[in-house]
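Below are the chains, spelled out letter by letter.
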4 protein chains.
Amino acid sequence: MSDSKDSALEAEIRRIFAEAPFVQSLGIELVDVGAGRCETQLQLAQRHLQHHGYVHAGVQATLADHSAGAAASTLVRPDEQVLSIEFKLNLLRRARGQRLLCRATVLKAGRTVTVVESEVYADDGAGQSLVSKAVVTLAVVPLAHVTPG
Amino acid sequence: MSDSKDSALEAEIRRIFAEAPFVQSLGIELVDVGAGRCETQLQLAQRHLQHHGYVHAGVQATLADHSAGAAASTLVRPDEQVLSIEFKLNLLRRARGQRLLCRATVLKAGRTVTVVESEVYADDGAGQSLVSKAVVTLAVVPLAHVTPG
Amino acid sequence: MSDSKDSALEAEIRRIFAEAPFVQSLGIELVDVGAGRCETQLQLAQRHLQHHGYVHAGVQATLADHSAGAAASTLVRPDEQVLSIEFKLNLLRRARGQRLLCRATVLKAGRTVTVVESEVYADDGAGQSLVSKAVVTLAVVPLAHVTPG
Amino acid sequence: MSDSKDSALEAEIRRIFAEAPFVQSLGIELVDVGAGRCETQLQLAQRHLQHHGYVHAGVQATLADHSAGAAASTLVRPDEQVLSIEFKLNLLRRARGQRLLCRATVLKAGRTVTVVESEVYADDGAGQSLVSKAVVTLAVVPLAHVTPG
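Not measured: the values here are computed from a predicted model.

Participant: For the overall build of chain A, give the residues involved together with the corresponding values.
Facilitator: For chain A, the helix and strand inventory stands at 3 helices and 6 strands. For chain A, the sequential pattern of α-helices and β-strands runs α-α-β-β-α-β-β-β-β. In terms of overall dimensions, chain A is globule-like: its C-alpha atoms have a radius of gyration of 15 Å, near the 15 Å expected for 149 residues. Each principal axis of the C-alpha atoms in chain A carries an extent, and together these give about 45 × 30 × 30 Å. Each of the 149 residues in chain A was classed as buried or not, and the buried ones make up 60%. Looking at chain A alone, contacts between residues at least 24 apart form 61% of all its contacts between residues at least 6 apart. For chain A, the exposed surface amounts to about 5700 Å²; the carbon and sulfur share of it is 48%. Each charge class in chain A can be summarised by its mean position, and for the 15 positive and 16 negative side chains these summaries are 6 Å apart.

Participant: Residue-level account of the relation of the copies chain D and chain C, with values.
Facilitator: Each copy superposes on the other: chain D lies on chain C with an RMSD of 0.0 Å after a rotation of 180 degrees and an axial shift of 0.0 Å. Such a combination of turn and shift is consistent with a two-fold rotation axis. Identified as the residue of chain D closest to the rotation axis by C-alpha distance is Lys 88 of chain D, at 2.0 Å. Most of the interface of chain D is mirrored in chain C, where 100% of its interface residues again form contacts.

Participant: Describe helix α3 (residues 57-73) of chain B, and please don't skip the residues or the numbers.
Facilitator: For α3 of chain B, spanning 17 residues, the distance from its first C-alpha to its last is 24 Å, which sits close to the expected 24 Å at 1.5 Å a residue. For α3 of chain B, the buried fraction is high: 17 of the 17 residues fall into the buried class.

Participant: How would you sum up the state of the cysteines? Please name residues and give values.
Facilitator: Residue and element names in this part refer to chain C. Following the criterion strictly, the structure yields 0 disulfides over all chains and no others. With no disulfide partner, Cys 38 has as its closest neighbouring cysteine sulfur the one in Cys 102, 7.6 Å distant. In this structure Cys 38 comes out as buried when scored by relative accessible area, which is 3%.

Participant: So what's going on with the packing of helix α3 (residues 57-73) of chain A against α3 of chain B? Which residues, and what values?
Facilitator: Contact pair α3 of chain A / α3 of chain B: the axes reach a minimum separation of 8 Å and the direction vectors enclose 150 degrees. When the axis of α3 of chain A is compared with that of α3 of chain B, the two are roughly antiparallel. Relative to α3 of chain B, the crossing made by α3 of chain A is right-handed. For the pair α3 of chain A and α3 of chain B, contact is made by Ala 57, Gly 58, Ala 61, Thr 62 and Asp 65 of chain A and by Ala 57, Gly 58, Ala 61, Thr 62 and Asp 65 of chain B, respectively. For the contact of α3 of chain A with α3 of chain B, the class distribution of residues is 4 nonpolar, 4 polar and 2 charged.

Participant: Pulling in residues and values, what's your account of the interface of chain D and chain C?
Facilitator: Taken together, the contacts link 42 residues of chain D with 42 residues of chain C. Of the roughly 3400 Å² buried between chain D and chain C on both sides combined, carbon and sulfur atoms contribute 60%. By the criterion of area lost to chain C, the three top residues of chain D are Phe 22, His 51 and His 52 of chain D, representing 19% of everything that side buries. Put simply, chain D and chain C have 0 salt bridges between them. Remark: the boundary between chain D and chain C carries 10 residue pairs in polar contact (both at pLDDT 80 or more). Class assignment of the residues belonging to the side of chain D that touches chain C gives a composition of 18 nonpolar, 17 polar and 7 charged.

Participant: Which residues make up the relation of the copies chain A and chain C, and what values go with them?
Facilitator: By a simple turn and slide, chain A fits onto chain C: the slide is 0.0 Å along the axis, the RMSD is 0.0 Å, and the turn is 180 degrees. Comparing contact sets, 100% of the residues at the interface of chain A also lie at the interface in chain C, consistent with an isologous, same-surface contact.

What counts and how
Residues numbered from 1 in each chain as written. Chains lettered and ligands numbered in written order. Predicted model: local features only at pLDDT ≥ 70, side-chain atom pairs only at ≥ 80, totals over all residues. Heavy atoms only, no water. Helix = DSSP H or I, 4+ residues; strand = E, 2+ residues; numbered from the N terminus. Rg over C-alpha atoms; globule rule 2.2 N^0.38 Å. Buried < 20%, exposed > 50% of the residue type's maximum accessible area, 1.4 Å probe, protein only. Contact = heavy atoms within 4.5 Å. Areas by Shrake-Rupley, 256 points an atom, 1.4 Å probe, with all protein chains shown as cover. Lys, Arg positive; Asp, Glu negative; His and termini not counted. Charge placed at Lys NZ, Arg CZ, Asp CG, Glu CD. Least-squares fit on C-alpha atoms with pLDDT ≥ 70 in both. Expected span 1.5 Å × (residues − 1). Disulfide = S-S within 2.5 Å. Axes fitted to C-alpha atoms, helices over the stretch in contact; angles between N-to-C directions. Parallel < 35°, antiparallel > 145°, perpendicular 65-115°, else oblique. Left-handed = near helix turned anticlockwise from the far one by under 90°. Nonpolar A, V, L, I, M, F, W, Y, C, P; charged D, E, K, R; others polar. Buried area = accessible area lost by both parts, 1.4 Å probe. Salt bridge = Lys/Arg side-chain N within 4 Å of Asp/Glu carboxyl O. Polar contact = N/O pair within 3.5 Å; in protein donor to acceptor, adjacent residues only side chain to side chain.

Written as structure tokens, this is what we have:
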């Protein structure tokens, strides 16, 4: 991929992050993006926690799903968009630390269905540990179909 | 279940909702709770949406997972707590409207593992439609194990 | 639905069961089928078990997935077919008995994606108990796309 | 791990494969096993197919689940055993060829819950392609709890 194509891709993905209020509200940031992959991060704050002081599963799910969507978006045509059909998230370790990192990688990009896996790591300053893993199934749909009436 | 037991149960579940910052931050409210079931709601606002104007999958996942945890909590002993191990969420219809409703029902309560299904409905004022469904697996663990050090 | 349409539907579903070697090899039988639903059964034998003497998860998965496919098939056009994209199976209780029963119900039938839930019951002669539950996502594709070259 | 410990581990895993009638009936074979991983294969025959001539999802699910169980078994104590709680299988490509290969790898081995991912490849003689991927959650239980009464 040429540098200019990479820049256009990154600009498009940045736009999706900026235009998604829930993603903005959580504080999810784009770190890096390339063909079939996306890396994101989230600086953790009190508002991201559940009642025992760990990061809420819903925060991890949002990060995993949104990053998967961004990774899948890199492999569709300009007149297409992706929509999550379903995802499964396995919570492997209780998540605490200063930030979450997510690496999403496309497993299979199809004409109508794309499958992505997202790994979420907790970074406590000393190191990273894998805290959850999701497999996300997305539909590839014409852009015209996803605009609310 | 006697009325006083019911009230104690509801008070305990309300406490879990109140003490979970992410649940508070989203605005998830407890509607009703009983043995093996929990009903919740969320008044929808701009901050809950993704970039096409629909409710973000992460919002639905948080509602489904948290309600499942509350339903599972009603069937454990006072010295036990539940923690989500994994969940899968199927997004059935694009979600819009004034509020989301979630009904979580325990499928199987075991000594160490409980399985709950959560149905999420969108209410647009005129009626409700099923927008997503989750099946959530939770571990039943001694309370002492879930307090961060 | 008229009786003649029902009969044609049932004949088509029976054909799918008869033409699937793995389904025949296991011994899965069609019990009943209607718009958006399918009921199947499997007489249990030694060959269906895992090493502790319970029904292997793979047998339950096959029953749940195939019944879901049949239920989804009832709602597509004659020139379309369904293919499983993914499924999740929760094993709720160890399965033993004389036969398994499966009831598959369509949760959402879409133009390109259909979601079905399948409940598997074990029947020990005295009664039935829910032993596993699956949620299955299927793609609706033109018939021409599913014939091996 | 010493060679003698490796041999004992492999012997134990081979015993599990030999004593599971459904695994024997399908023809699943152990290829290699080590701490936290297991590789298996299945020579494909007519009886493994669905009605379009591809490998049935249930065959892939059985291979993925059983291999995950074997991988998880390598990390438990001699007086413990593993039981699948749930798994999700994503079908990425239609599976055809001479044999299936499965590589199962433990993502997280816990005291009571272990999570494993299994990748299934189809080998058509010319090369291998990833046809499905599962994430499997297993309970670690005392051996005494898994023997049917």
